[in-house]
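Working through the structure, step by step
Each chain, written out:
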Amino acid sequence: LLLSTYTRKMKVTAENLSSKLGKRIDIDTIKEVDLSDKQLTEVAGFSKLKELQVLNLSNNRFQFKRQVESLFEVKSLVELDLSGCPLSKTADYRSWIVSSMPWLKVLDKVAVTEADKEKKTKQAAFDPLMNPEDDDDIVVQKQPFAPVTSKP
């Protein structure tokens, strides 16, 4: 499905997909959606697309993780393209997506490998912010409080 009638700078949801196209789309059976180059800033509700397998969101305006986190609920998705979006240029982007969607087979037109999955696993093991319940290795040293006194 190629969508070319979208307005700029908008949030796309499963609910407004049909209305933006001007025709009815069966969200229960749609398998592929191309929303590339639409200046989109957020997606939501795509978990309602139960059969969605391929989603192209390349060259949009996603800058922050929160703008695409709802895609983590789309368990049927096997191919996702966010290339060309500012978010895809961040340091931990690929490992973050792969760890959040371990069922994904292709990300940004590149196959997801075991090395991709292991990279995030190793990073999370050493990063208490990624794995806050595993804080056994965090040591906080407390310094004794020494009040400041002034001399007369």
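The structure reproduced in this document is the subject of the present report. Please read all numbers here as calculations on a predicted model, not as lab measurements. (Residues numbered from 1 in each chain as written. Predicted model: local features only at pLDDT ≥ 70, side-chain atom pairs only at ≥ 80, totals over all residues. Heavy atoms only, no water.)

Quick word on the packing of aromatic side chains
Counted according to the given criterion, the structure contains 1 aromatic pair. Summarising the aromatic geometry, the rings of F72 and W96 are spaced 5.1 Å apart at their centres and angled 70 degrees between planes, so their arrangement reads as edge-to-face. Here W96 lies in helix α2 (residues 93–100) and F72 lies in the loop between β4 (54–56) and β5 (79–81), a separation of 24 residues in the sequence. Here F72 matches W96 in class, with each residue buried. (Phe/Tyr/Trp six-rings, centres within 6.5 Å; stacked < 30°, edge-to-face > 60°. Helix = DSSP H or I, 4+ residues; strand = E, 2+ residues; numbered from the N terminus. Buried < 20%, exposed > 50% of the residue type's maximum accessible area, 1.4 Å probe, protein only.)

Focus on the sheet that holds β5
Adjacent strands of a sheet pair through backbone hydrogen bonds, lying either parallel or antiparallel. The mixed open sheet is built from 5 strands, whose spatial order is β2-β4-β5-β6-β7. At either end of the open sheet lies a strand with only one pairing partner, and these are β2 (32–34) and β7 (110–111). Judged from the 3 bridges that link them, β2 and β4 form a sheet pairing that is parallel. Across the sheet, V33 pairs through a bridge with L55, a residue of β4. (Pairing = 2+ DSSP bridges.)

Observations regarding the side chain of N56
Take N56: it is sitting in strand β4. Residue class for N56 comes out buried when judged on its relative accessible area of 17%.

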